[in-house]
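Coordinates in review
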Amino acid sequence: MRQFEFEAKEAFQKVGLSIPRGRVAQSSDEVEQVARELGCPVILKAQVLAGGRGKAGGIKRAETPKQARSLADKLFGMEIHGHLVNRLLVEECLDISQEIYLGITVDRTNRRPVAICSGMGGVDIEKVAKEHPEKIARLAVNPLMGLREFEARRLVKAAGFKGRTLLHLSRIVMQLWRVFSDNDAELTEINPLIVTTDGKYIAADARLNVDDSSLFRHKTLAERLEKGVAELTELELRARELGMTYVELKGDIGIIGNGAGLVMATMDAVHYYGGKPSNFLDVGGGATADRMTQALDIVLSHPDVKGVFINILGGITRCDEMANGIVASQKTLKREVPMAIRLIGTREKEGAEILQKANIPFLETMDAAAQLIVEKTRGGEK
Amino acid sequence: MRQFEFEAKEAFQKVGLSIPRGRVAQSSDEVEQVARELGCPVILKAQVLAGGRGKAGGIKRAETPKQARSLADKLFGMEIHGHLVNRLLVEECLDISQEIYLGITVDRTNRRPVAICSGMGGVDIEKVAKEHPEKIARLAVNPLMGLREFEARRLVKAAGFKGRTLLHLSRIVMQLWRVFSDNDAELTEINPLIVTTDGKYIAADARLNVDDSSLFRHKTLAERLEKGVAELTELELRARELGMTYVELKGDIGIIGNGAGLVMATMDAVHYYGGKPSNFLDVGGGATADRMTQALDIVLSHPDVKGVFINILGGITRCDEMANGIVASQKTLKREVPMAIRLIGTREKEGAEILQKANIPFLETMDAAAQLIVEKTRGGEK
Amino acid sequence: MTVLINDKTRVLVQGITGREGQFHTQAMRGYGTKVLAGTTPGKGGQEVEGIPVFDNVIEATEEFPEINASIIFVPARFAADAVNEALDAKLEVVVAITEHIPLHDEMKFVALAHQQGSYIIGPNTPGVISPGMCKLGIMPAHVFKPGQIGLISRSGTLTYEVAASLSGAGFGQSTAIGLGGDPITGMSFIDALRLFETDDNTSAVVMIGEIGGSAEEEAAEYIKEHITKPVVAYVAGRTAPKGKRMGHAGAIVSGTSGTADSKMAALRDASVTVIERPIDVDEALQTLLKS
Amino acid sequence: MTVLINDKTRVLVQGITGREGQFHTQAMRGYGTKVLAGTTPGKGGQEVEGIPVFDNVIEATEEFPEINASIIFVPARFAADAVNEALDAKLEVVVAITEHIPLHDEMKFVALAHQQGSYIIGPNTPGVISPGMCKLGIMPAHVFKPGQIGLISRSGTLTYEVAASLSGAGFGQSTAIGLGGDPITGMSFIDALRLFETDDNTSAVVMIGEIGGSAEEEAAEYIKEHITKPVVAYVAGRTAPKGKRMGHAGAIVSGTSGTADSKMAALRDASVTVIERPIDVDEALQTLLKS
């Protein structure tokens, strides 16, 4: 779960990291007022849960409070990678003498946290990694020990820092480790950490992604997720509340299956035969008839959907339950679209009978069903 | 640094442990008011930094607010093991169905924390350990891992608990571990943990001793120590501020030395020859002349002191500095008492010359000096 | 012999009194798995299907010292502690079925397992099965048949899809290992490949990968150097977009890394037969094993 | 040979640029100790008395792989990290001079040292000296003389008192170990006794204990079973009251445990010659070594 920049900065402040003076504003009036309080120039930063905000025009510099207001007028209501801007972080401008990158993330290969430091801050760190790998220092953290101060120093030294800067940065790396550790982070980053012309170290930008699975230990975040203030779309949130995983995509063939890998394979099969999935939907293990009905409802709520492919391989999930759910939904469906159903595994005979009785055709292989749904949707049938 | 009961209970509450309803009162008026708020009967508990408070009459039960007031009148101003009572914790009475002991302390032998659980709560755990060792379960904690939930369950099970009680108590042990760990505790105890007749688990008493060396991580406690709200006497606190260790004792011969072990041995030597030390004072390593002057001032501030034994074995500490300090203090001393001085080690020749010039006698062995000071103070000389 | 589990495996079920624990204990026993004991804190002394329930793992292993494996059906917030408890009892194989265990807890217990040389399967796995011998998991057993194909997968249902296809074509499995769908799992493709390479009963390996991380790329490097047996691989998620989790916590393309295409390319580069549809696995194996 | 340190000891000084670090580096070198390098974070590249200063321990040990011991003069709040850094570099002997290191940090690094088989001396110790060969500490060297008495002590100045007395009477020391005055120390009397028992150069052991804890009582039990060499013991603090720390964090009688009398009784029970005054050490040794 990605935090807004201003939330990540709150977490930073809690462990003693310095952040720019500023605060969040929700209207142009407020932006102008904050700009006045802070003294111009100020920076306006769109608070959206998406990367590449700067390139998309979500960060602006204002020389006067009036200009701040007029820039805010344009920023509010703007959409950045599908996310509406309704909050701006207004911050003081810093006099930059140096920009540094610090980050801690999870190294899946080595199954442990990795701390990263580079003197080339302020730019895309993946790009630096590709073009100047020698400019990036990394340090694997033993998860049972946590990051230790001498390790932080070793990292910062390896990135080329010395003297007092070495000490300052090491302390900041330790603070960032506390952010990572206290918040069950998947990733936390300061990019850039700015060294100002008067020698202060300030986290100009802040990133903090919290592990969803840990939210039971982070009550306030869990509440926020429930309120829908997250990266999820409305449909994705609805599916989540129902205990299913739904991801909106750009195509026109709805996909429903049981098991994440199977659903991905189903999407791939549709694509293999020339179709485009409009979503990923995993009903989860041991789903009931009701859940299938709900899944169909969600998938069909997406306006682009021209057909649905249901792919069930029963293990814990029972085919008869799934068949009952499909039949039940026939009456309540918002709209009628072509379907391809593949139904095998636990209780497949019972499931088959239920569908046959309701006169709903089905198939036995994923590939046959994939071909069918691509043909049906391409053919312009209804 | 021992915490007051009410402070320990605040730390308990922070991790989610239940404590009795109640609060601290500083006057009889306030006690009566709190008793009214809580509803009687209530318990009044003297807040002093000393053990054996109950036996010393520092805990009383009041059946009415009026009685609470009159009991408070007696408790305020009372002295318990040398500590003045100026705060009372007024708490609800609990309906007790069971009393349990839970504690975590440092096992010096195994150099790790040890968690302790017993069904025989509410009494002196050392007594239980002696008389019913089989009623006490212990579990060594790996300091690198911390206490883990399954270990807490193992401990509680070993103490004889089962079923839901096992689960409740294990959770409480984990909370107590957090108190221990978050507060750099030397010791934390719930004795008794009360199971009420309606099945609640409440920490009726609370103990928390925080490691003095860790106070730099616990700012509020550090501040309190500086303000003198601790077990230290006035003189002990003054010495601490000056960077020396001074402990008040019951005898009449002041002791000053460099190094804790040497000072203890000096006390023992005095005792061996029939005298009684009035204090322990370690000037610390590498002390200056000033410090010796301050040390003498503190020791002589104790009214019982009839003579002073200065025992210096110079290593980092220089004999000339110590001699200068002794000479300087001759002019400023509050009162004149017999002295025995032993001065050897680094720069002993220079030190000897300084003392000789000032006409101050000194000796070369601890035992000779001990005998001398015992004789001088016993002889009633001035 | 098979890898990880076999007819000498003696099993403890942690969380045996829960709905899932009970259901799958019955299913595993039905398959022939030797389940000796279970645990549920606070329920020590009870029985499930005649199997004794203990409060703590250590009590179970003291009573049944032959227990060498554990399977965990404990809710997410208690599951990490259950894994640690199994490791503390020095069990050799620990299967963590549970989904949604916090990432930081996973890193810790995986480090601990490596330190002491225990295997953790999962978390978020259907488990492991050595068909005909031992099932330590929740998979529908009937799709698996004894044989000589080692199966390694990051996905549950997709494993059944492939296993059913293999079994139907006469390719039984020596052992099928569900690595688990989380970003951090106890075993990687490499760990599993290493086991299959030296297993006399395994003649070829089928890998089922998916988007996210770089486990498949690393496996490819490893295969180049260390694996002599034929390998077939399928990678799910070619059509998954960037930055979105596809159900599994680990199935996410971050930036430009973790795409199915990169994994498929790396595997091909290691002379692995990469198939584009699960259905193609039989033909690929037939070709490989004929030559 | 001596125990813990000898003429093969090669030393790193952590916190070398501080006042104490500089002063004692000079003193140790003056004694003949081979100090090869020092560290102070942020001061890498400087020199102290011609000794190169590094930012990190690992840089020093990469440059001087022969370094096998470290002595730490780092302020209390950074000292635990310094110990951990020395352990991480796998140094065999780590002397922590620093007083007031937090107890919880001490428990952690002591556990770590035990895990990897390194010796931590201290914290809150004057260090260790093998007279005539190597001094790794802050003790006044002139009171120590080479010889065959192993000296183990929880106290600093009192050690010098006894060492001076021994040296004066012709009893030189093989090695004198300051265990340290904190409740948790890297070495116990038992650890030191074990080393001296098998040291050919040590013919008798003098123990200097004090109130607090039960290290002396445990040593007594150990001596009964494992120590054949004569042992003389002095215990400071017979007149210390209950519940008050006598300077050292570890010197405290808690309840009824940790009294000097209990320790003296236990040692006598183990046939140790317990002396009541430090001055009696010579006579006690003379008697023991004559027989």
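Criteria and cut-off values
Residues numbered from 1 in each chain as written. Chains lettered and ligands numbered in written order. Predicted model: local features only at pLDDT ≥ 70, side-chain atom pairs only at ≥ 80, totals over all residues. Heavy atoms only, no water. Helix = DSSP H or I, 4+ residues; strand = E, 2+ residues; numbered from the N terminus. Rg over C-alpha atoms; globule rule 2.2 N^0.38 Å. Buried < 20%, exposed > 50% of the residue type's maximum accessible area, 1.4 Å probe, protein only. Phe/Tyr/Trp six-rings, centres within 6.5 Å; stacked < 30°, edge-to-face > 60°. Lys NZ or Arg CZ within 6 Å of the ring centre and 35° of its normal. Contact = heavy atoms within 4.5 Å. Domains from an automatic or database assignment. Axes fitted to C-alpha atoms, helices over the stretch in contact; angles between N-to-C directions. Parallel < 35°, antiparallel > 145°, perpendicular 65-115°, else oblique. Nonpolar A, V, L, I, M, F, W, Y, C, P; charged D, E, K, R; others polar. Expected span 1.5 Å × (residues − 1). Buried area = accessible area lost by both parts, 1.4 Å probe. Salt bridge = Lys/Arg side-chain N within 4 Å of Asp/Glu carboxyl O. pLDDT = per-residue confidence, 0-100. Core = buried A, V, L, I, M, F, W, Y, C linked by side-chain atoms within 4.5 Å. Pairing = 2+ DSSP bridges. Polar contact = N/O pair within 3.5 Å; in protein donor to acceptor, adjacent residues only side chain to side chain.

1. Quick notes on the overall build of chain C
- Scanning chain C from N- to C-terminus turns up nine helices and 14 strands.
- Taking 2.2 N^0.38 as the reference for a compact globule, 291 residues should give roughly 19 Å; the C-alpha atoms of chain C span a radius of gyration of 18 Å, in line with that estimate.
- In terms of principal-axis extent, the alpha carbons of chain C reach across some 55 × 40 × 30 Å.
- Taken over 291 residues, chain C has a buried fraction of 66%.

2. Thoughts on the packing of aromatic side chains
- Under the criterion given, the structure shown has ten aromatic pairs over all chains.
- Relative to F6(A), the ring of F4(A) has its centre 5.7 Å away and its plane inclined at 15 degrees; by these criteria the two rings are stacked. Here F4(A) matches F6(A) in class, with each residue buried.
- Between F54(D) and F64(D), the aromatic rings sit 6.4 Å apart at their centres with planes inclined by 80 degrees, giving edge-to-face as the arrangement. Of this pair, F54(D) sits in strand β4 (residues 51-54) while F64(D) sits in the loop between α2 (57-63) and β5 (69-72), placing them ten residues apart in sequence. Both residues of the pair, F54(D) and F64(D), count as buried.
- Looking at R87(A), its charged tip hangs above the ring of F4(A), at a distance of 4.9 Å from the centre.

3. Overview of the environment of V83(C)
Residues and elements named next belong to chain C.
- On the secondary structure map, V83 appears in helix α3 (residues 76-88).
- Through-space distance from the C-alpha of V83 to that of I72 is 7.5 Å; in sequence the pair is eleven residues apart.
- When residues no more than four places from it in sequence are discounted, the contact partners of V83 are I72, V94, A96, F109 and I120.

4. What to know about the domain arrangement of chain A
- Each assigned domain of chain A is listed with its residue range as follows: domain 1 (21-92), domain 2 (96-216) and domain 3 (234-379).
- On a C-alpha basis, the centres of domain 2 of chain A and domain 3 of chain A stand 43 Å from each other.

5. Let's talk about the packing of helix α5 (residues 149-158) of chain B against α3(C)
- Relative orientation of the contacting elements α5(B) and α3(C) amounts to 70 degrees, with a least axis distance of 8 Å. Relative to α3(C), the element α5(B) lies roughly perpendicular. From α5(B), E149(B), F150(B), R153(B) and R154(B) reach across to α3(C), where they touch F78(C), D81(C), N84(C), E85(C) and D88(C).
- For the contact of α5(B) with α3(C), a count of residues per class yields two nonpolar, one polar and six charged.

6. Observations regarding helix α13 (residues 366-378) of chain A
- The end-to-end C-alpha separation of α13(A) is 18 Å, in line with the 18 Å expected for 13 residues at 1.5 Å each.
- Within α13(A), burial applies to M366(A), D367(A), A369(A), A370(A), I373(A), V374(A), K376(A) and T377(A).
- Buried residues along α13(A) sit against β14 (253-257), α9 (260-272), β16 (307-314) and β17 (339-345) of chain A together with α5 (157-168) of chain C.

7. Quick word on the interface of chain B and chain D
- Contact residues are listed per partner, giving 49 residues for chain B and 60 residues for chain D.
- With both chains or domains summed, chain B and chain D bury close to 4100 Å², and 60% of this area falls on carbon and sulfur atoms.
- Of all residues in chain B, R108(B), R111(B) and M264(B) give up the largest surface area on contact with chain D, accounting jointly for 20% of the area buried on that side.
- Viewed at the interface, chain D and chain B are joined by six salt bridges.

8. Here we look at the confidence of the model for chain C
- For chain C, mean pLDDT is 96; residues scoring 70 or higher make up 100% of the total.
- Predicted as a complex, the structure gets a pTM of 0.94 and an ipTM equal to 0.94.

9. Details of the side chain of D282(C)
- Summarising the element assignment, D282(C) is placed in helix α9 (residues 281-290).
- Look past the residues within four positions of D282(C) in its chain and what remains in contact with it is S165(C), L166(C), A169(C) and F171(C).

10. Section: the nonpolar core
- Within the largest apolar cluster, 101 residues are counted, with the highest numbers of intra-cluster contacts made by F309(A), L4(C), L136(C), I177(C), L193(C), V206(C) and M207(C).
- Considering each element in turn, this core owes the most residues, eight residues, to α9(A).
- Among residues more than four places away in sequence, those in contact with M207(C) are I152(C), F189(C), L193(C), A219(C), I223(C), V231(C), V232(C), A233(C), Y234(C) and L267(C).

11. Considerations on the pattern of salt bridges
- In the structure shown here, the tally under the stated rule is 85 salt bridges over all chains.
- The residue R154(A) makes a salt bridge to D88(D) at a minimum N-O spacing of 3.0 Å. Placement of the pair is R154(A) in helix α5 (residues 149-158) and D88(D) in helix α3 (residues 76-88), with the two residues belonging to separate chains.
- Judged by relative accessible area, which is 22%, R154(A) ranks as partly exposed.
- Salt bridges here are not isolated pairs; linked through shared partners, they connect E5(A), K9(A), K45(A), R53(A), E91(A) and D205(A).

12. A closer look at the sheet that holds strand β14 (residues 273-275) of chain C
Residues and elements named next belong to chain C.
- Judged by pairing direction, the sheet is mixed, and its seven strands sit side by side in the order β9-β8-β11-β10-β12-β13-β14 without closing on themselves. The strands lining the two open edges of the sheet, one partner per strand, are β9 (134-137) and β14. Averaged over neighbouring strand pairs, the angle between their axes works out to 15 degrees when direction is ignored.
- Bridge count between strand β10 (residues 146-153) and strand β12 (residues 204-210): five bridges; the pairing is parallel. Following the sheet pairing, G150 is matched in β12 by V205.
- Strands β8 (127-130) and β9 of the sheet are contacted by helix α1 (residues 19-31), whose axis makes an angle of about 165 degrees with β9.

13. Re unusual backbone geometry
Residue and element names in this part refer to chain C.
- P123 follows G122 through a cis peptide bond whose omega is 5 degrees.
- Take P123: it is sitting in the loop between β7 (119-121) and β8.
- For S271, which is not glycine, the phi torsion reads 65 degrees and is therefore positive.
- Position of S271 among the secondary structure elements: in the loop between α8 (260-269) and β14.
- Relative accessible area serves as the criterion here: at 65%, S271 is assigned to the exposed category.

14. Points about the sheet that holds β7(C)
Residues and elements named next belong to chain C.
- One open sheet holds the seven strands; their spatial order is β3-β4-β2-β1-β5-β6-β7, and the pairing between them is mixed. Edge positions in the sheet fall to β3 (47-48) and β7, since each has one partner strand and no second.
- Relative to strand β5 (residues 69-72), strand β1 (residues 10-14) runs parallel, the two sharing four bridges. The partner of V11 across the bridge, within β5, is A69.

15. Quick look at the interface of chain A and chain D
- The interface is formed by ten residues belonging to chain A together with twelve residues belonging to chain D.
- Between chain A and chain D the total buried area reaches about 1100 Å² when both faces are included, carbon and sulfur atoms providing 49% of it.
- Its largest share of buried area at the contact with chain D, chain A owes to F150(A), R153(A) and R154(A), together 46% of the area lost on that side.
- On the surface where chain A and chain D come into contact, there are six salt bridges.
- The partner of R148(A) in a salt bridge is D88(D), and the shortest N-O contact between them spans 3.6 Å.
- The tally of links between chain A and chain D comes to seven residue pairs in polar contact (both at pLDDT 80 or more).
- Put simply, the parts of the chain that give the side of chain A that touches chain D at least two residues each are α5 and α6 (163-182) of chain A.
- Broken down by class, the residue content of the side of chain A that touches chain D amounts to four nonpolar, one polar and five charged.

16. Quick word on the domain arrangement of chain C
Residues and elements named next belong to chain C.
- Taken domain by domain, chain C consists of domain 1 (10-121) and domain 2 (139-290).
- Computed from C-alpha atoms alone, the centre-to-centre distance between domain 1 and domain 2 is 26 Å.
- If you look at the interface, domain 1 gives ten residues, while domain 2 gives eleven residues.
- Taking both sides of the interface into account, the surface hidden between domain 1 and domain 2 amounts to around 940 Å²; carbon and sulfur atoms contribute 63%.
- On the domain 1 side of the contact with domain 2, E106, Y119 and I121 bury the most area, a combined 42% of that side's loss.
- At the junction of domain 1 with domain 2, the criterion picks out zero salt bridges.
- Taken together, the links from domain 1 to domain 2 amount to one residue pair in polar contact (both at pLDDT 80 or more).
- Of all elements in the fold, only α4 (103-116) and β7 reach the threshold of two or more residues within the side of domain 1 that touches domain 2.
- Counted by class, the side of domain 1 that touches domain 2 contains seven nonpolar, one polar and two charged residues.

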